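# Descriptive analysis of the structure
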Amino acid sequence: MKSSEGKVYKPAMDVDVGPDSNESYLRADVKAPRMAGLLIKIFAWCLELRIFGKILVYILKRNNLIHQLVSFAKLEEPPVFIPLHPSEELKEQDVKSIRPDLSPSEQVQQAMECLSLSSKNMSNSLENRFYRMTILDYSKAYISGEITPCMVAERLIAAVQESSNPPLQMSFFIDFNSKDIRRQARESTLRYKQGEPLSALDGVPIAIKDEIDCLPYPTTGGTKWLHKLRPCKQDASCVRSLRSCGAVLVGKTNMHELGAGTSGINPHYGATRNPYDRSKITGGSSSGSAAVVAAGLCPAALGVDGGGSVRLPAALCGVIGFKPTYGCVPHSGILPLNWTVGMVGILAGTIEDAFLVYAAISAQLPTHQTTTIMPKLYFPLLKSAYSASQVKLAKYSEWFNDCSDDIKICCSQALNRLQDHYGWKIVEVTIPEIEHMRLAHYVTIGSECSNFINPCLEKMNTAESGWDARVALSVYSSFSSREYLNAQRIRNRQMQFHKKIFTQADVIVTPTTGVTAYPIMNDALETGELDYINGAALVRYQIAGNFLGLPAVTVPVGYDKGNLPIGLQFIGQPWSEPILIHIASAMQALCISSYRKPEVFYDHFNEDRVCQGTLGSEEIKQ
């Protein structure tokens, strides 16, 4: 393709984001067939050939509009390399300013004081409905002596062992150390006996994605080799914060290898299976973290969100997925696979649990060396009804409706319920160049992953990587400096577009994914798979949160005809976490009574500790 055929972008300041904008919506038209098994092996071998591989990659990039919209595009905006946003004084009434000198446990206590009475008694109000035990349920049960962290640890260990073997084979974890879990639980049990728990998180089981350093485990990034070159020497900052609050860290959850995919199928550690239907994917890359929360093993888990990798699996598994503003949680101790788009995020059964974990891990605010202004931390006052009766939700209808019929109907109904119940207003907008942003994000995340991984691969045998990861790395390593710079110019444009939109509305609302969980095919189990068509549908609404560093949250709002969960997403302005949590809480309040129990579900408060669902205890024991 000639450089003269690249798109010529008009200045961002001249682009209209109003409902009557002339900007057309470009649907993703992915030209790449699904591959797995022998076919993906042949394709990977071809891509790795020195000359023929370059020709293949060139054709792929040309056919999928990367050349036209990114590689040879002409833009006048300067590149923006890191999506840092200046902090502003939050003017909302329903927030609490948090002192900067508080410890993680003190911040959790401040968050506890912000919770509503109904949040603290949620299990009572939903007594006859399906309900995942919350962090507060654990804390209250420990304080009363109803159960102990040691009892929960034993039930958790047994549940993980059961779920890892036939007939379930859920592949929740990459690494799981029973001895270390029991040690943490004993220490927590002793603190409760002495009446000195460290925080509401004390003794609460929390899982960690295997992209985050957490002793005593190696950090594999879903590979079989990365930990050999990059040993884990200390906890990541976010893990240290949780540990200081007394949380029982229960292992490293499964993930898509190198975060380079959206299915959660890992050829080394197994395909993490969706608790709502074991034949379906969980989504990735934080697949295990979403699944352990959905299955009741943990009330919360940490993931890393580089391309919707927290929100996407959260939506497919029917749980909360919360990604804070870029820079809100320190990057130290996180694999630098996508360091300008990736952020630690939280998966939880309820927005209140996500809030409590957020309070702990945001205790040490930005350590990134390019951050010059320390944003002030605010917590939402959930103990009172949100007084912002005129919340404005920006909706780009053509984009919103670019999903399956089940998702469109379910999310539209949820949005109508918000309007009817709270009187909130829908503001129609146009978000220009969405597909351009997706491709620019792909160039960015691919370039950053390649920059970190390629020097490592020089010391390792390529055959140690999964076949789908090998294909991804071949494409990633093809991106040039020109492509990377143009991608960052598109980032600049999108930051300008979204800034305009946020002058008209408080948040942007979308479905979380374009499709619900699709089947795990047998041919993908040993090789992984390439399914860029479904992948593009899964990440369709995710990219702004990562590429632009914006906070975002997904809330379960219903199910498709196959009983698979559907999520609704809210994307906020920089540092607007309190508003997002308020809005998510309002949405959750309207939907939580209709939440359904997954096919695979464990209740640590139940002494029998059996899977509660369509798979009964007798079938499991056979």
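Keep in mind it's a predicted model, so treat the numbers as computed, not measured. (Residues numbered from 1 in each chain as written. Predicted model: local features only at pLDDT ≥ 70, side-chain atom pairs only at ≥ 80, totals over all residues. Heavy atoms only, no water.)

### Some remarks on the packing of aromatic side chains
- Counted under the stated rule, the structure contains 16 aromatic pairs.
- One aromatic cluster is present, formed by Tyr-138, Tyr-142, Tyr-192 and Phe-605 through successive ring pairs.
- The ring of Tyr-9 has Lys-7 sitting right over it, with the charged end atom 5.2 Å from the ring centre.
- One cation-aromatic arrangement involves Lys-395 over Phe-400; the distance from NZ or CZ to the ring centre is 4.7 Å. (Phe/Tyr/Trp six-rings, centres within 6.5 Å; stacked < 30°, edge-to-face > 60°. Lys NZ or Arg CZ within 6 Å of the ring centre and 35° of its normal.)

### Quick notes on the state of the cysteines
- Counted under the stated rule, the structure contains zero disulfides.
- Unpaired in this structure, Cys-150 has its nearest cysteine sulfur neighbour in Cys-298, at a distance of 16 Å.
- Cysteine Cys-245 remains unbridged, with the sulfur of Cys-238 as its closest cysteine sulfur at 12 Å.
- Overall, Cys-245 belongs to the buried group, its relative accessible area being 0%. (Disulfide = S-S within 2.5 Å. Buried < 20%, exposed > 50% of the residue type's maximum accessible area, 1.4 Å probe, protein only.)

### Re the pairing of strand β11 (residues 320-323)
- Side chains of β11 alternate between two faces, with Ile-320 and Phe-322 and Gly-321 and Lys-323 buried alike.
- Bridge count between β11 and strand β12 (residues 343-348): three bridges; the pairing is antiparallel. Across the sheet, the residue bridging to Ile-320 is Ala-348, located in β12.
- Where β11 and strand β18 (residues 552-559) come together, three bridges link them in antiparallel fashion. Within the sheet, the bridge partner assigned to Gly-321 lies in β18 and is Thr-554. (Helix = DSSP H or I, 4+ residues; strand = E, 2+ residues; numbered from the N terminus. Pairing = 2+ DSSP bridges.)

### Some words on the environment of Tyr-476
- Here Tyr-476 lies in helix α18 (residues 467-476).
- Separated by 30 residues in the primary sequence, Tyr-476 and Gly-446 place their C-alpha atoms 4.5 Å from one another.
- When sequence neighbours within four positions are dropped, the list of residues in contact with Tyr-476 reads Ala-260, Tyr-442, Gly-446, Cys-449 and Ser-450. (Contact = heavy atoms within 4.5 Å.)

### Topic: the environment of His-227
- For His-227, the position within the fold is in helix α10 (residues 226-229).
- With ten residues separating them along the chain, His-227 and Tyr-217 place their C-alpha atoms 9.6 Å apart.

### Thoughts on the packing of helix α17 (residues 434-457) against α18
- Here α17 crosses α18 at 105°, and the two axes come no closer than 8 Å. The orientation of α17 with respect to α18, classified from their angle, is roughly perpendicular. Here Tyr-442, Gly-446, Cys-449, Ser-450, Ile-453 and Leu-457 of α17 come into contact with α18, specifically with Leu-473, Val-475 and Tyr-476.
- Residue classes in the contact of α17 with α18 are distributed as seven nonpolar, two polar and no charged. (Axes fitted to C-alpha atoms, helices over the stretch in contact; angles between N-to-C directions. Parallel < 35°, antiparallel > 145°, perpendicular 65-115°, else oblique. Nonpolar A, V, L, I, M, F, W, Y, C, P; charged D, E, K, R; others polar.)

### With respect to the nonpolar core
- Core analysis: the largest hydrophobic core is formed by 196 residues, its most contacted members being Cys-238, Leu-242, Leu-297, Leu-302, Phe-570 and Met-587.
- Counting residues per element, this core draws most heavily on α17, which supplies eleven residues.
- With ten residues, the next largest nonpolar core counts Phe-43, Leu-47, Leu-56 and Leu-530 among its residues. (Core = buried A, V, L, I, M, F, W, Y, C linked by side-chain atoms within 4.5 Å.)

### Things to note about the pattern of salt bridges
- Enumeration according to the criterion identifies 28 salt bridges in this entry.
- Its salt-bridge partner being Glu-23, residue Lys-10 comes within 3.3 Å of it at the nearest N-O pair. With Lys-10 in the segment before β1 (35-36) and Glu-23 in the segment before β1, this pair connects stretches of sequence that are 13 residues apart.
- Take Lys-10: its relative accessible area is 42%, and that puts it in the partly exposed class. (Salt bridge = Lys/Arg side-chain N within 4 Å of Asp/Glu carboxyl O.)

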